[in-house]
Amino acid sequence: MLFIISFTAGGFTMLPAHEYANDLILFALIVDCGSFSKAAEMAGVTGSVLSKRVGRLEKALGARLLYRTTRSLSVTENGRVLYQHAKSLTGQVHSALQAVSANSDELTGLIRMSVPTISGELVLSDSVAEFCEKYPNVKVEMHLENRFVDLVNERIDLAIRTGMMSDSSLIARPLIDSHWVILASPRYLEKYPAPQNPEDLLTHNCLTYTYQQSGTSNWLMRRPDTGEIYELQVSGNIAFNNARAIRKALLSGHGIAMVPRCMVHEDLEAGLLTEVLPGYSGKKLGVYAVYPYTRHLPVKIRLLIDHIQASYQAISPYFG
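Residues numbered from 1 in each chain as written. Predicted model: local features only at pLDDT ≥ 70, side-chain atom pairs only at ≥ 80, totals over all residues. Heavy atoms only, no water.

## Quick look at the overall build of the protein
- Counting secondary structure elements, the protein contains nine helices and 15 strands.
- Counting only residues that meet the buried cut, the protein has 42% of its 320 residues in that class.
- A fraction of 73% describes how many contacts in the protein between residues 6 or more apart in sequence connect residues 24 or more apart.
- As presented, the protein carries roughly 16,900 Å² of accessible surface, and 52% of it is formed by carbon and sulfur atoms. (Helix = DSSP H or I, 4+ residues; strand = E, 2+ residues; numbered from the N terminus. Buried < 20%, exposed > 50% of the residue type's maximum accessible area, 1.4 Å probe, protein only. Contact = heavy atoms within 4.5 Å. Areas by Shrake-Rupley, 256 points an atom, 1.4 Å probe, with all protein chains shown as cover.)

In structure tokens:
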């Protein structure tokens, strides 16, 4: 049996380590969330339970780990040291579970996914449903959310992400490239002259799509003579972090926007939206399947990624 040595004024005591493993994982979750209430919600326990677990750790170690007030939470120096080890423990537990799951030949169990709303609505809802119909013993829990979740601490098995991948602790498998286009509705172009070159956009109301790194007021443009990519700072009176909202504003004639082609391909075919400055948009973002590093990727997750990639490839013309 493993033990933790707890030093006190009267000497030291030997504490069974296995009793504190879960406390360490919960402690790391609290630090990551920056809040007892958020960590309690994520862990499915009450805030008082978390307080007791942290109190037990502090008593066992004889050291203060957190400073907590009604408005803020801060980590002590001892807490920061312990957090690094607790974070490592969390990753090891996740890897151990993944390794056992990977060695199972039976396709069964739960897969927790995080996907952007636009991907979930356009492609993944049908794709994942088809996968579950093919493998009825697998259950997929899909969260549509426009944020980069912490896959390990939030117990997410797979995420679909668009843009640059910066977290080196994650594995990112490319699925498809998403090309962006500049659009306006016929209604808008009846009121305002269509831009003839990128600089003309500076006189238009440009609707910006702000999803993480994917959309800002800095639009990437391509010079037609050299193919060089440069940034153009556009301006407008409204920004959106939701794909359906910006599409509705476009259709209603409220401005010009740069959006993924896949989001509006039906509107383009129906003539409800018109591409302006065709060929000038220099924006292209990769779509990736992202999962925590593991030596043994479970078969069910690998097969789900393969299925999703095939779904994207089947409609690749819509992506540009």
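## Here's the deal with the packing of helix 1 (residues 21-33) against helix 2 (residues 36-43)
- Viewed as axis vectors pointing N to C, helix 1 and helix 2 meet at an angle of 125 degrees, and their least axial separation amounts to 8 Å. In terms of their interaxial angle, helix 1 and helix 2 are classed as oblique. The handedness of the crossing between helix 1 and helix 2 comes out as right-handed. Between helix 1 and helix 2, the contacting residues are Leu 26, Leu 29, Ile 30 and Cys 33 on the first element and Phe 36, Lys 38, Ala 39, Met 42 and Ala 43 on the second.
- Residues that form the contact of helix 1 with helix 2 fall into these classes: eight nonpolar, no polar and one charged. (Axes fitted to C-alpha atoms, helices over the stretch in contact; angles between N-to-C directions. Parallel < 35°, antiparallel > 145°, perpendicular 65-115°, else oblique. Left-handed = near helix turned anticlockwise from the far one by under 90°. Nonpolar A, V, L, I, M, F, W, Y, C, P; charged D, E, K, R; others polar.)

## So, helix 7 (residues 243-251)
- When helix 7 is considered as a whole, its buried residues turn out to be Ala 243, Ile 246, Ala 249 and Leu 250. Along helix 7, the residues classed as buried sweep out an arc of 130 degrees about the axis, all on the same side. Facing away from the buried side of helix 7, by more than 90 degrees, are the exposed residues Arg 244 and Lys 248.
- Buried positions along helix 7 lie against helix 5 (117-134), strand 8 (170-184), strand 9 (206-209), strand 12 (239-240), strand 13 (256-260) and helix 8 (261-270).
- Between a side-chain oxygen at the N-terminus of helix 7 and the backbone nitrogen of Arg 244 the separation is 3.0 Å; the capping residue is Asn 242.
- Looking at the residues trailing helix 7, positive phi occurs at Gly 253, about 80 degrees. (Arc of directions from axis to C-beta. Polar contact = N/O pair within 3.5 Å; in protein donor to acceptor, adjacent residues only side chain to side chain.)

## So, the pairing of strand 5 (residues 109-115)
- Most of strand 5 sits inside the fold, with five of its seven residues counted as buried.
- As paired strands, strand 5 and strand 6 (residues 138-144) are joined by seven bridges and run parallel to one another. The residue bridging Arg 112 from the neighbouring strand is Glu 141, located in strand 6.
- Each parallel crossover has a hand, and the one from strand 5 via helix 5 to strand 6 is right-handed.
- Across two bridges, strand 5 lies against strand 7 (residues 158-162) in parallel orientation. (Pairing = 2+ DSSP bridges. Right-handed = clockwise from strand over helix to strand, strands pointing away.)

## Regarding the packing of aromatic side chains
- Within this structure, the stated rule accounts for four aromatic pairs.
- Ring geometry for Phe 131 versus Tyr 135: centroids 4.9 Å apart, planes at 50 degrees, classification tilted. The pair formed by Phe 131 and Tyr 135 is uniform in burial state, with each residue classed as buried.
- An angle of 40 degrees between the planes, with centres 4.7 Å apart, marks the rings of Tyr 188 and Tyr 192 as tilted. (Phe/Tyr/Trp six-rings, centres within 6.5 Å; stacked < 30°, edge-to-face > 60°.)

## Section: the pairing of strand 15 (residues 284-292)
- The buried count for strand 15 comes to seven of nine residues, which makes it a mostly enclosed element.
- Relative to strand 15, strand 7 is paired through four bridges, and the arrangement is antiparallel. Among the inter-strand pairings, Ala 159 is bridged to a residue of strand 15, identified as Val 290.
- Inspection of the sheet shows strand 8 paired to strand 15 by nine bridges, in the antiparallel sense. Across the sheet, residue Arg 173 finds its bridge partner in strand 15, namely Ala 289.

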